[in-house]
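Next come the chains, spelled out residue by residue.
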Amino acid sequence: MSELPAIYLARHGETAWSRTGKHTGLTDLPLTERGEQEARDLGKHLAVITFSKVFTSPLQRAARTCDIAGFGAVAQTDADLVEWNYGKYEGRRTVEIHAEAPDWQLFRDGCPGGETRAQIGARADRVLNRLRAINGNVLVFSSGHFLRVLAARFLGLEPASGKYFTLSTGSVSILGFENNSSQPVIRLWNETSREAD
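Everything numeric here is computed off the predicted structure, so don't read it as measured data.

Peer 1: Even after reading the chapter, I still don't get the sheet that holds strand 5 (residues 172–177), so can you show me in this structure?
Peer 2: Pairing between sheet strands relies on hydrogen bonds along the backbone, with the strands arranged either parallel or antiparallel. Taken together, 6 strands build an open sheet; the order of strands is 3-2-4-1-5-6 and the sheet is mixed. Edge strands, defined here as strands with exactly one partner in the open sheet, are strand 3 (75–77) and strand 6 (184–191). Neighbouring strand axes in the sheet, compared pairwise and without regard to direction, differ in orientation by 20° on average. Note that strand 1 (residues 7–11) and strand 5 share 4 bridges and pair antiparallel. Residue Ala 10 lies in a different strand from strand 5, and its bridge partner there is Val 172.

Peer 1: So what exactly am I meant to see when it comes to the packing of helix 2 (residues 33–46) against helix 3 (residues 60–68) here?
Peer 2: For any two helices packed against each other, one specifies the crossing angle of their axes together with the interaxial distance. The interhelical angle for the contact between helix 2 and helix 3, taken along N-to-C directions, is 50°, at an axis separation of 8 Å. Judged on the interaxial angle alone, helix 3 and helix 2 are oblique. The handedness of the crossing between helix 2 and helix 3 is right-handed. Residue-level contacts link Glu 36, Ala 39, Arg 40 and Leu 42 of helix 2 to Arg 64, Thr 65 and Ile 68 of helix 3. Partitioned by chemical class, the residues of the contact of helix 2 with helix 3 number 3 nonpolar, 1 polar and 3 charged.

Peer 1: It is not clear to me how the packing of helix 6 (residues 117–132) against helix 7 (residues 144–154) should be interpreted in this structure. Could you clarify?
Peer 2: Contact pair helix 6 / helix 7: the axes reach a minimum separation of 9 Å and the direction vectors enclose 65°. For helix 6 against helix 7, the interelement crossing comes out right-handed. On helix 7, the residues that touch Ile 120, Gly 121, Arg 123, Ala 124, Asp 125, Val 127, Leu 128 and Arg 132 of helix 6 are Phe 146, Val 149, Leu 150, Arg 153 and Phe 154. Considering only residue class, the contact of helix 6 with helix 7 consists of 8 nonpolar, 1 polar and 4 charged.

Peer 1: In this structure, what is going on with the pairing of strand 2 (residues 53–56)? I would like to understand it.
Peer 2: Note that strand 2 and strand 4 (residues 138–142) share 4 bridges and pair parallel. In the strand pairing of strand 4, Phe 55 is matched with Val 140. As paired elements, strand 2 and strand 3 share 3 bridges and run parallel to each other. Looking at strand 3, one finds that Thr 56 is bridged to Thr 77. Crossover connection from strand 2 via helix 3 to parallel strand 3: handedness right-handed.

Peer 1: Even after reading the chapter, I still don't get the pattern of salt bridges, so can you show me in this structure?
Peer 2: Side chains bearing opposite charge may pair, as long as their charged atoms lie close to each other. Here the structure, examined in full by the defined rule, presents 14 salt bridges. Each of Glu 14, Arg 19, Arg 34 and Glu 38 takes part in a single network of salt bridges with overlapping partners.

The rules we used
What you see as residue numbers is a count from 1 along each chain, following the sequence as written. At least 70 in pLDDT is required for a residue's local features to be given in this predicted model, at least 80 for side-chain atom pairs to be given and counted, and no such filter applies to totals for whole chains, interfaces and linings, which use all residues. For the side-chain quantities, the full set of heavy atoms in the structure was used; hydrogens and water were omitted. At least two DSSP bridges between two strands are needed for those strands to be called paired. Comment: elements are numbered from the N terminus, with helices defined as DSSP H or I runs of at least four residues and strands as E runs of at least two. Axis lines are fitted through C-alpha atoms, for helices just across the contact stretch, and the angle between N-to-C directions can take any value from 0 to 180 degrees. Any angle from 65 to 115 degrees is called roughly perpendicular, while one under 35 is roughly parallel, one over 145 is roughly antiparallel, and all others are oblique. For a crossing to be left-handed, the near helix must be turned anticlockwise from the far one by less than a right angle; the clockwise case is right-handed. By the convention used here, residues are in contact when the closest approach between their heavy atoms is within 4.5 Å. Ten residues, namely Ala, Val, Leu, Ile, Met, Phe, Trp, Tyr, Cys and Pro, are considered nonpolar, four, namely Asp, Glu, Lys and Arg, are considered charged, and the remaining ones, Gly among them, are considered polar. Every crossover in which the path from the first strand over the helix to the second runs clockwise, viewed with the strands pointing away from the viewer, is termed right-handed. Salt bridges, as used here, are contacts in which a Lys or Arg side-chain nitrogen is within 4 Å of a carboxyl oxygen on Asp or Glu.

So, to be careful, I would describe these as geometric facts and stop short of saying anything about function.
Structure below.
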C-alpha cells in the first residue's frame, strides 16, 4: 500500500465560526490562535512526507493553514476546493436552521440559495480527476464538508455519504489504495495532534 500514491486531506485550523458551530461556506474568516497552532501541528505531521503537488482552497482559513504548515510557497490555489456554499444557511448553526426546517440534513437536502449535493459532488469529481492524473502523493488543504464529500466520491459513494465521515479542525486524513488503483480505501481518518497528546 505504501508504494501507491495517496491523497492527503488537511482540514483548515479553527475559526471563530467553526468553534461555535456556524456553517462557514464562502465567508472568508481568519484562523483563531488555536487554529494557527493546529496549522503548526499539521506541519509537523506532514513535514516528513514528499508531495508531488500541494493544493489549497483560496479561502484564507485553508490558505493560511497551508502557509503556516509550511507548504504555502509550493501550493497551487484551486477554486474548486472552497467549502460547500450554504446559501441562506451561511453563518447559522444547525440548531437555528432546525427551528425553521426541523428535518433538514445538509448531505441530503443541500442548502436553499446555495449548492445541492449534486453540485458539490460534481466539484469533488473535478478535483479528483485532476488529482488522479498526478504521479505521486498529493496534499489538499480545504474545509470539512467539502473534504467529506471528496472522500465519499473517492470511494465511489454518492456525495450524501459524506455524512458518515466527521472531520475536526486541523486534522489530516489519507485516501489511498489497497493492492492497486482500482481499490480505493481510507488509510487514515481525522488524525489530529490533540489525539496523540
